[in-house]
Amino acid sequence: YKTLPSWHQRDLLIQKAVFLLAPRPSSESMETFDEFTGLQPQVEQIQMPPIGISASLIRQRISEKKSIRYMTQDQVIAYIEDHQLYQPPN
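Residues numbered from 1 in each chain as written. Predicted model: local features only at pLDDT ≥ 70, side-chain atom pairs only at ≥ 80, totals over all residues. Heavy atoms only, no water.

Draft legend 1. Here's a closer look at the packing of aromatic side chains. A full pass over the atoms with the stated rule returns 1 aromatic pair. Ring geometry for tryptophan 7 versus phenylalanine 19: centroids 5.8 Å apart, planes at 35°, classification tilted. Linking tryptophan 7 in the segment before α1 (10-16) with phenylalanine 19 in strand β1 (residues 18-21), this pair joins segments that are 12 residues apart in sequence. Taking relative accessible area as the criterion, phenylalanine 19 reaches 9% and is therefore assigned buried. (Phe/Tyr/Trp six-rings, centres within 6.5 Å; stacked < 30°, edge-to-face > 60°. Helix = DSSP H or I, 4+ residues; strand = E, 2+ residues; numbered from the N terminus. Buried < 20%, exposed > 50% of the residue type's maximum accessible area, 1.4 Å probe, protein only.)

Draft legend 2. Up close: the nonpolar core. Core analysis: the biggest nonpolar cluster contains 6 residues, these being Ile58, Ile62, Ile68, Met71, Ile77 and Ile80. Put simply, the parts of the chain that give this core at least two residues each are α3 (55-63) and α4 (74-82). Not counting residues up to four positions away in its chain, the partners in contact with isoleucine 62 are Ile68, Ile80, Leu85, Tyr86, Gln87 and Pro88. (Core = buried A, V, L, I, M, F, W, Y, C linked by side-chain atoms within 4.5 Å. Contact = heavy atoms within 4.5 Å.)

Draft legend 3. Here's a closer look at the layout of surface pockets. A volume near 190 Å³ is recorded for the second largest pocket. Lining the second largest pocket are Ala55, Ile58, Arg59, Thr72, Val76, Tyr79, Ile80, Leu85 and Tyr86. Partitioned by chemical class, the residues of the lining of the second largest pocket number 7 nonpolar, 1 polar and 1 charged. (1 Å grid on protein atoms, 1.4 Å probe; cavity = no way out; pocket = protein on both sides within 12 Å on 5 of 7 lines; lining within 4 Å. Points joined across faces, edges and corners; volume = space filled by probe spheres on them. Nonpolar A, V, L, I, M, F, W, Y, C, P; charged D, E, K, R; others polar.)

Draft legend 4. Focus on the side chain of serine 54. Along the chain, the position of serine 54 falls in the loop between β2 (42-45) and α3. Accessibility expressed as a relative area gives 12% for serine 54, which makes it buried. A polar side-chain atom of serine 54 sits 3.0 Å from the main-chain amide nitrogen of leucine 57. (Polar contact = N/O pair within 3.5 Å; in protein donor to acceptor, adjacent residues only side chain to side chain.)

As structure tokens, then:
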């Protein structure tokens, strides 16, 4: 979430979405997004044991042509493949 300022259409996302924050093994405290945008998005913190999977890790693995199986649902993997998301530059 710390990259929020660089997200595509972040203001629209902030207006329309509820952001879910999950703990990670090495993460600092889970702050809100308002320090980055001046807007106050809806944020819900998920209470769960920390796991070492992030969207950044998934994007990195895809760009390196590594498997993301067991890191996300099969439907998500199919969508990423069908739309050729996060592919390395040619």
